[in-house]
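Residue-level structural notes
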Amino acid sequence: MLLLALAVMLGVKFFAPGLLSEPAVAAWSTVFVAVCVQASPYLVLGVAVSTAIAVFVPPTFFQRALPSNPMLAVPVAGMAGAALPGCECGSVPVAASLMERGVARGASVAFLLSAPAINPVVLVATSVAFAGHPAVVVARAAASLLTAIVVGWIWQRLGRSVPVPRRFTHPDGSSRAERARTVAAHDITQSLGFLTIGAAAAATLNVAVPRSFLAHFAGNDVVAIPALAALAIVLAVCSEADAFVAASLTQFSLTARLAFMVVGPAVDVKLIAMQAGTFGRRFVTRFAPLAAVTAALAAAAVGGWLL
Amino acid sequence: MVAVVNARTQAYLILLFGGALVRLAAGNALLRYVRPVARPWVLLAGIGMVVLAVVLLAKAHQSRGSAGSTGGSSFGVPTGWLLLAPVIAIVVVAPPALGSFSANRESSPVAASAAVHKDFAGLTGLAPHRLGLFDFTTRVLWDSARTVSGTDVTLTGFVLSQRNDGFVLARLVITCCAADARPVEVFVRNSTHPPEDAWVAVTGRYAGTDKARPTFPVLAASVVLPVNQPVNPYD
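This one's a predicted model, so the numbers in the text were calculated from it and none came from an experiment. (Residues numbered from 1 in each chain as written. Chains lettered and ligands numbered in written order. Predicted model: local features only at pLDDT ≥ 70, side-chain atom pairs only at ≥ 80, totals over all residues. Heavy atoms only, no water.)

In this section: the environment of D187 of chain A. One can find D187 of chain A in helix 10 (residues 176–208). In sequence terms D187 of chain A and G46 of chain A are 141 residues apart; their C-alpha atoms lie 9.2 Å from each other. (Helix = DSSP H or I, 4+ residues; strand = E, 2+ residues; numbered from the N terminus.)

In structure tokens, the structure reads:
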């Protein structure tokens, strides 16, 4: 499908250059390239970390570092997410590496959800965007951590049927350099490939859905929270920038804007594509709705309390 | 559909993607998509991919004939080939910076940033002062010292739309990449009507805010000059 789109793009470039000056087509291509380029450094960082975990961290390390009770490991892994400074694209390969190193599934998804949401870079960006409202930073960290922990617990209890990612064809016996090459090549190809699908989806929605349309939902939080949660999913703005987008949605309440910032790093179209590629479609059809609903509810609860 | 990629093809695809990033980071085209601060990171990411690809190719050359890894995924999409999409988009299509099409569709970020810009530095040097549209608008709305009143300023942006007594000048503000672009708009009162999407430098004086839209400053312009699109098209 994407290859077809490409063929069409190339054909257009050479045989009908006028179409590229069509504003919607040009804007689509620009946003597509922008998302790919912006995400690539984070993705490379994420792949570097996941490769390091796969190669240098012995499988027993996480079993010793995390509480042996998988339910207790969930909040610890959620807090540990604060240590990976990046946005959501980088945390997918890292979480895959964690699962493979035997980290319990609940703790792994808690990390997957918290890493892009509560790291220092994102929180500083949030405090700059909402300089007049320091409580928003606290509310964001609290609601995101709450989401990570609750989803982690639910996943630990009910997520038994989801298989561990199966990316390494080489047994642990192969040399370190060989494993590093295999893991890095695999992860970079897979994450970039699915990032491409996600970027195409985000660009399409960016061009197709004018944000001014949202004004209709601003009045009442009961509709505003789901509306901004849905916007976060379709816009797929990087978690380091989403606070500025949220700050600009001034017609909405702080709680509704909090929902935008809590849902976005947990679930969006490019993450759905990347997670489908990494963990499989069965994973994402359950995980994405669970995370989205939990994040929206956590934002509503924490926002109602703090904002 | 194309089958899954073999190790060597996969390495070439990573090489192409990394090469496209390096090429983009080496020039000004990068600024059509992301902010200038991203440049070293995009460059590093590109170099990292190129190095990885070269190592993979060297190994594939050594062990010619052995079975390699694939870029296939759990549901049969040949993810490896997808890497070609951004490569072609970057190198061949090279899409332009966002303009009036996007500016017309988004809400303005300015009102939200009130608290961020409370302390404004005074304008130094001789008038006309060159200001960004975002800077100008925030000064108009929240600067208690009124640094933009009674002095000539020059604003550069593109023409968003025409009005009877002038035109709307706009610039897109980005925080991370072009996907989060939002417009800042200033109404320019002048008898010239440059075409939509044309880049102009407008010199004039602040003349209050628009009656219908109070976050919308008015500039009474004395000079409107056509200019080239700035190297960094965003504010």
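What follows concerns the nonpolar core. One finds F32, V37, F283 and F287 of chain A together with I14 of chain B to be the most contacted residues of the largest nonpolar core, which totals 95 residues. No other element matches the 12 residues that helix 3 (residues 23–56) of chain A contributes to this core. Here this core spans two domains, since at least three of its residues come from each of domain 1 (7–95) and domain 2 (101–226) of chain B. When near neighbours in sequence (up to four residues on either side) are disregarded, V37 of chain A contacts L21, L24, L30, V34, V42 and I90 of chain B. Of all hydrophobic cores here, the second largest spans 36 residues; its members include L214, A241, V262 and A296 of chain A. (Core = buried A, V, L, I, M, F, W, Y, C linked by side-chain atoms within 4.5 Å. Buried < 20%, exposed > 50% of the residue type's maximum accessible area, 1.4 Å probe, protein only. Domains from an automatic or database assignment. Contact = heavy atoms within 4.5 Å.)

Before going further, it helps to examine helix 10 of chain A. Taking 1.5 Å per residue as the helical rise, helix 10 of chain A with its 33 residues ought to reach 48 Å, and the 47 Å between its terminal C-alpha atoms agrees with that figure. The element helix 10 of chain A is extensively covered by neighbouring structure, given that 24 of its 33 residues are classed as buried. (Expected span 1.5 Å × (residues − 1).)

Time to look at helix 11 (residues 221–235) of chain A. Residues and elements named next belong to chain A. Between its first and last C-alpha, helix 11 extends 20 Å over 15 residues, near the 21 Å set by a 1.5 Å rise per residue. Listed in full, the buried residues belonging to helix 11 are A224, I225, A227, L228, A229, L231, A232 and L235. At its buried positions, helix 11 is contacted by helix 10, helix 13 (254–266) and helix 15 (281–306). Near the N-terminus of helix 11, the side chain that reaches the backbone nitrogen of V222, with its oxygen 2.9 Å away, is that of N220. (Polar contact = N/O pair within 3.5 Å; in protein donor to acceptor, adjacent residues only side chain to side chain.)

This part is about the pattern of salt bridges. For the coordinates displayed, the defined rule picks out five salt bridges over all chains. Salt-bridge contacts for D268 of chain A lead to K270 of chain A; the nearest nitrogen and oxygen are separated by 3.5 Å. R163 of chain B is the partner of D210 of chain B in a salt bridge, and the nearest nitrogen-oxygen pair spans 3.5 Å. Here D210 of chain B is found in the loop between strand 5 (199–209) and strand 6 (217–226), whereas its partner R163 of chain B is found in strand 2 (residues 153–163), with 47 residues between them in sequence. You can call D210 of chain B buried: its relative accessible area is 12%. R163 of chain B sits in the partly exposed class, given a relative accessible area of 29%. (Salt bridge = Lys/Arg side-chain N within 4 Å of Asp/Glu carboxyl O.)

All names here are of chain A. One way to put it is that helix 6 (residues 88–100) packs onto helix 7 (residues 105–118) with a least axis distance of 9 Å and a crossing angle of 160 degrees. If you check the angle between helix 6 and helix 7, you find them roughly antiparallel. Every pair of crossing elements has a handedness; the one defined by helix 6 and helix 7 is right-handed. Touching E88, S91, V92, V94, A95, L98 and M99 of helix 6 are S108, V109, F111, L112, A115 and P116, all from helix 7. Each residue belonging to the contact of helix 6 with helix 7 can be placed in one class, and the counts come to 10 nonpolar, two polar and one charged. (Axes fitted to C-alpha atoms, helices over the stretch in contact; angles between N-to-C directions. Parallel < 35°, antiparallel > 145°, perpendicular 65-115°, else oblique. Left-handed = near helix turned anticlockwise from the far one by under 90°. Nonpolar A, V, L, I, M, F, W, Y, C, P; charged D, E, K, R; others polar.)

Right, let's talk about the environment of V207 of chain A for a bit. Inspection of the secondary structure assignment puts V207 of chain A in helix 10. Looking at V207 of chain A, the relative accessible area reads 11%, which means it is buried. Distance from V207 of chain A to A26 of chain A, taken between C-alpha atoms, is 9.8 Å for residues 181 residues apart in sequence. When neighbours within four sequence positions are excluded, V207 of chain A is seen to be in contact with A24, A27 and W28 of chain A together with F101 and R105 of chain B.

As a further point, take the pairing of strand 5 of chain B. Regular strands place side chains that alternate from one sheet face to the opposite one. Residue and element names in this part refer to chain B. Summarising the sheet, strand 2 and strand 5 pair through six bridges and their orientation is antiparallel. Bridging from a neighbouring strand, V153 pairs with G204 of strand 5. Here strand 5 runs beside strand 6; their pairing, made up of eight bridges, is antiparallel. When the sheet's bridge partners are listed, Y206 is paired in strand 6 with L219. (Pairing = 2+ DSSP bridges.)

Time to look at the side chain of N119 of chain A. Counting through the fold element by element, N119 of chain A comes out in the loop between helix 7 and helix 8 (120–129). Here the side chain of N119 of chain A touches A115 of chain A through a polar contact of 2.9 Å, landing on its backbone oxygen.

By themselves, these observations are geometric and do not establish any function.
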